[in-house]
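Working through the structure, step by step
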Amino acid sequence: MQGRQALAVAGWDYNALKRGLAHANDVEAPKFNQAQVAAVVARKQQQGTLGEGELFAFEIFFQPNQNSFSADLYKEAFGKVIGLASTYGGALITIEGHSDPMGYLRDKKDGKPEVVLGQVKQAAKNLSLSRAVAVRDSVIEYAKKTGITLDTSQFAVVGHGLAKPRSGVCGEVSLCA
C-alpha cells in the first residue's frame with residue numbers, strides 16, 4: 001500500500017452475531033500484553049530491580065531436582081497473593097524460580113567438560129522455570145477453588161537457573177552474575 005488509505009467500517013451488527021455464541025459474556029480479554037510484560041521483566045532483571053515495588057513475597061521449598069510441591073502448605077500465602085491480585089488488578093505478579101548450583105560446582109571442580117557443564121546449566125534453567133510455572137499454576141488453581149478468577153496475563157514467570165541461587169552459595173565460579 002502506498003500513501004494514506006482509509007479503512008472501511010464493517011457495519012456489522014455485533015449484537016446479532018453475538019446471539020449465536022454460547023458463553024460470550026464469560027470471555028475476558030487479557031489485561032496485560034505478554035510481549036510488553038516480558039520486555040519489562042527482562043529490563044528489570046538486567047538492572048537488578050526486579051523486586052522493586054514488591055508488596056509481598058514468600059518462598060516455596062522444593063526437593064532437589066523436583067518441580068512439584070504440596071500446595072496445601074502454602075494456602076495462607078496463596079490467599080495473600082489472590083487478595084493482592086484482586087485488589088491491585090493492574091499489578092504484575094512476578095514468580096521467580098531458582099536452582100541450587102551445588103551440582104554444577106561439583107561437576108566444575110571434578111573437571112567435567114564444558115559441554116557437560118553447559119547441559120547442567122541448561123537443566124538448572126529449565127528446572128527453575130518449571131518451578132515458577134508450577135507455583136503460578138497452583139496459585140491460579142487455588143484461586144479458582146475459592147471462586148476467584150485471576151487474569152493469567154497478570155503473572156510473569158522467571159527462571160533464574162543458577163544465576164541467583166536462594167542458598168546464597170555461588171562458589172568461586174561466577175554464577176551469581
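This text follows the structure it describes.
Below or above, wherever it landed, is the structure these notes cover. (Residues numbered from 1 in each chain as written. Predicted model: local features only at pLDDT ≥ 70, side-chain atom pairs only at ≥ 80, totals over all residues. Heavy atoms only, no water.)

**What to know about the pattern of salt bridges**
Considering all chains together, one arrives at five salt bridges under this definition. Measuring nitrogen to oxygen at the nearest pair gives 3.9 Å for the salt bridge that ties Glu114 to Lys108. Relative accessible area serves as the criterion here: at 35%, Lys108 is assigned to the partly exposed category. Between Asp137 and Arg136 there is a salt bridge, with its nearest N and O atoms 2.9 Å apart. Judged by its relative accessible area of 37%, Asp137 falls in the partly exposed class. With relative accessibility at 22%, the residue Arg136 sits in the partly exposed group. (Salt bridge = Lys/Arg side-chain N within 4 Å of Asp/Glu carboxyl O. Buried < 20%, exposed > 50% of the residue type's maximum accessible area, 1.4 Å probe, protein only.)

**Observations concerning the side chain of Gln154**
Turning to its location among the elements, Gln154 is positioned in the loop between α5 (114-145) and β2 (155-159). At 2.8 Å, the side chain of Gln154 forms a polar contact with the backbone oxygen of Ala91. The residues contacting Gln154, other than those within four sequence positions of it, are Phe32, Ala85, Tyr88, Gly89, Ala91, Leu92 and Ile93. (Helix = DSSP H or I, 4+ residues; strand = E, 2+ residues; numbered from the N terminus. Polar contact = N/O pair within 3.5 Å; in protein donor to acceptor, adjacent residues only side chain to side chain. Contact = heavy atoms within 4.5 Å.)

**Some remarks on helix α3 (residues 75-87)**
For α3, with 13 residues, the first-to-last C-alpha span of 18 Å sits near the 18 Å given by 1.5 Å per residue. Regarding α3, the residues found buried are Ala77, Phe78, Val81, Ile82 and Ala85. Down the axis, α3 shows its buried residues gathered within 135° of arc, on one side only. Along α3, exposed side chains directed more than 90 degrees from the buried face belong to Glu76 and Thr87. Packing partners of the buried residues in α3 comprise β1 (93-97) and α5. (Expected span 1.5 Å × (residues − 1). Arc of directions from axis to C-beta.)

**Quick word on the side chain of Asp151**
Along the chain, Asp151 turns up in the loop between α5 and β2. A distance of 2.8 Å separates the side chain of Asp151 from the side chain of Ser153, its partner in a polar contact.

**Some thoughts on the environment of Phe58**
With respect to the helices and strands, Phe58 occurs in the loop between α2 (34-47) and α3. Judged by its relative accessible area of 29%, Phe58 is partly exposed. Note: C-alpha distance between Phe58 and Phe78 (20 residues apart in sequence) is 9.3 Å. When sequence neighbours within four positions are dropped, the list of residues in contact with Phe58 reads Tyr74, Ala77, Phe78 and Val81.

**Remarks on the packing of helix α4 (residues 102-109) against α5**
α5 packs onto α4 with a crossing angle of 175° between their chain directions and a minimal axis gap of 10 Å. Looking at the two axes, α4 sits roughly antiparallel to α5. Of the residues in α5, those in contact with Tyr104, Asp107 and Lys108 of α4 are Glu114, Leu117, Val120 and Lys121. Tallied by class, the residues present in the contact of α4 with α5 amount to three nonpolar, no polar and four charged. (Axes fitted to C-alpha atoms, helices over the stretch in contact; angles between N-to-C directions. Parallel < 35°, antiparallel > 145°, perpendicular 65-115°, else oblique. Nonpolar A, V, L, I, M, F, W, Y, C, P; charged D, E, K, R; others polar.)

**As for the pairing of β2**
Counting buried positions over the five residues of β2 gives four, a clear majority of the element. The sheet contact formed by β1 and β2 spans five bridges and is parallel. Of the residues in β2, the one forming a bridge with Thr94 is Ala156. (Pairing = 2+ DSSP bridges.)

**Things to note about the packing of aromatic side chains**
One pass over the structure, following the stated rule, counts seven aromatic pairs. The rings of Phe56, Phe58, Phe62, Phe69, Tyr74, Phe78 and Tyr142 are connected pair by pair, giving a single aromatic cluster. (Phe/Tyr/Trp six-rings, centres within 6.5 Å; stacked < 30°, edge-to-face > 60°.)

**Concerning the nonpolar core**
Grouped together as the largest cluster of nonpolar side chains are 18 residues, with contacts concentrated most on Ile60, Phe69, Val135, Val139, Leu150 and Phe155. Those elements that provide at least two residues to this core are α3, β1 and α5. It is α5 that provides the largest number of residues to this core, a total of six residues. Sequence-distant contacts of Val135, defined by excluding residues within four places in its chain, comprise Ile60, Phe62, Phe69 and Ile95. (Core = buried A, V, L, I, M, F, W, Y, C linked by side-chain atoms within 4.5 Å.)

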